[in-house]
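Per-entry structural report
Below are the chains, spelled out letter by letter.
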Amino acid sequence: TVMTQSPDSLAVSLGERATINCKSSQSLFHSSYNKNYLTWYQQKPGQPPKLLISWASTRESGVPDRFSGSGSGTDFTLTISSLQAEDVAVYYCQQYFTTPWTFGQGTKVEIK
Amino acid sequence: EVQLVESGGGLVQPGESLRLSCAASGFPFSDYSMNWVRQAPGKGLEWVSYIGGSGGTIFYADSVKGRFTTSRDNARNSLYLQMNNLRVEDTAVYFCTRASTTCWECSQHWGQGTLVTVSS
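If you're wondering where the values come from, they're calculated on a predicted model, not measured in any experiment.

Some words on the side chain of Arg66 of chain A
Among the structural elements, Arg66 of chain A can be located in the loop between strand S8 (58-59) and strand S9 (67-72). Once residues within four sequence positions are removed from consideration, Arg66 of chain A is found in contact with Thr79, Ile80, Ser81, Ser82, Gln84, Glu86 and Asp87 of chain A.

Spelled out as structure tokens, the structure:
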């Protein structure tokens, strides 16, 4: 399953909205469980990734509510509602619907 | 506190072998599935392998299938990655990760990684 993120990079002003898209080559929706098998990770420079969102829209404990995930099937979005300086990072989506589990190529978010 | 500490990385020549270890602490190790994820220098993330809590279920990426073997020793709270017939393209930081409590396929906790360099 090929995961394609867009854009590859974006620059957003502090306090503005950042939107990252992730498209899967096949549906990630499992009808039996009514779930989309997609996660979002954040990786800051020099650090391991951090799990932000699982099941496409379930925010992990401790993740600020300015981060939200949406979408279903093949099209997903990570939204940062009001960009903060500490949100500068590379963001990855990953599907776990079918092995081999695959990541998107990453989207670099910077401050404009 | 969950801690994952990888070790065993280093510089090897193509065709050689290396065994990575991940020492886990701060949680009931056998209750959680684990993954290996790698990241080539300056590149994105690549999932490598998954192992269930009992070790009975194992998955591999196509790029390492037949060359890498994942195992775990629940008595020692340790995860392993045996890497044989290494290739230049296996050069990466290898992360050990622990599953989330709500998503066994997801990587909630990550180690700092160990660098494997394959070069002649």
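Quick word on the sheet that holds strand S1 (residues 3-6) of chain A
All names here are of chain A. Here 4 strands make up an open sheet; going across it, the order is S1-S3-S10-S9 and the pairing antiparallel. Of all strands in the sheet, those bounded by a partner on one side alone are S1 and S9. Sheet twist, expressed as the average angle between the axes of neighbouring strands with direction ignored, equals 20°. Inspection of the sheet shows S1 paired to strand S3 (residues 18-24) by 4 bridges, in the antiparallel sense. Across the sheet, the residue bridging to Met3 is Ser24, located in S3.

Observations concerning the state of the cysteines
All names here are of chain A. According to the stated counting rule, one finds 3 disulfides over all chains in the structure shown. The disulfide partner of Cys22 is Cys93, and the gap between their sulfur atoms is 2.1 Å. Between Cys22 and Cys93 the sulfur-sulfur dihedral comes to about 75°; the bridge is accordingly right-handed. Of this pair, Cys22 sits in strand S3 while Cys93 sits in strand S11 (residues 89-95); the two residues are 71 residues apart in sequence, bridging distant segments of the chain.

Some thoughts on the sheet that holds strand S3 (residues 18-25) of chain B
Residues and elements named next belong to chain B. Reading across from one edge, S1-S3-S8-S7 is the order of the 4 strands in this open sheet, with antiparallel pairing throughout. Either end of the sheet is taken by a strand with one partner, and the two such strands are strand S1 (3-7) and strand S7 (68-73). Between one strand axis and the next, the sheet turns by 15° as a mean value, whatever way the strands run.

Regarding the side chain of Thr102 of chain A
Residue and element names in this part refer to chain A. Inspection of the secondary structure assignment puts Thr102 in strand S12 (residues 102-103). Here the side chain of Thr102 touches Thr1 through a polar contact of 2.6 Å, landing on its backbone oxygen. Those residues in contact with Thr102, other than ones at most four positions away along the chain, are Thr1, Met3, Cys93, Gln94 and Gln95.

Examining the pairing of S11 of chain A
Residues and elements named next belong to chain A. Here S11 lies mainly inside the structure; 6 of its 7 residues are buried. Where strand S6 (residues 38-43) and S11 come together, 6 bridges link them in antiparallel fashion. Within the sheet, the bridge partner assigned to Gln43 lies in S11 and is Val90. Sheet topology note: the S11/strand S13 (residues 107-111) ladder contains 3 bridges and is antiparallel. By the bridge assignment for S13, Tyr91 is matched with Thr107. The pairing of S11 with S12 spans 2 bridges and is classified as antiparallel. What sits directly across from Gln95, in S12, is Thr102. Linking S11 back to S12 in an antiparallel pair, the connection comprises 6 residues.

Rules and cut-offs
- Residues numbered from 1 in each chain as written.
- Chains lettered and ligands numbered in written order.
- Predicted model: local features only at pLDDT ≥ 70, side-chain atom pairs only at ≥ 80, totals over all residues.
- Heavy atoms only, no water.
- Helix = DSSP H or I, 4+ residues; strand = E, 2+ residues; numbered from the N terminus.
- Contact = heavy atoms within 4.5 Å.
- Pairing = 2+ DSSP bridges.
- Axes fitted to C-alpha atoms, helices over the stretch in contact; angles between N-to-C directions.
- Disulfide = S-S within 2.5 Å.
- Polar contact = N/O pair within 3.5 Å; in protein donor to acceptor, adjacent residues only side chain to side chain.
- Buried < 20%, exposed > 50% of the residue type's maximum accessible area, 1.4 Å probe, protein only.

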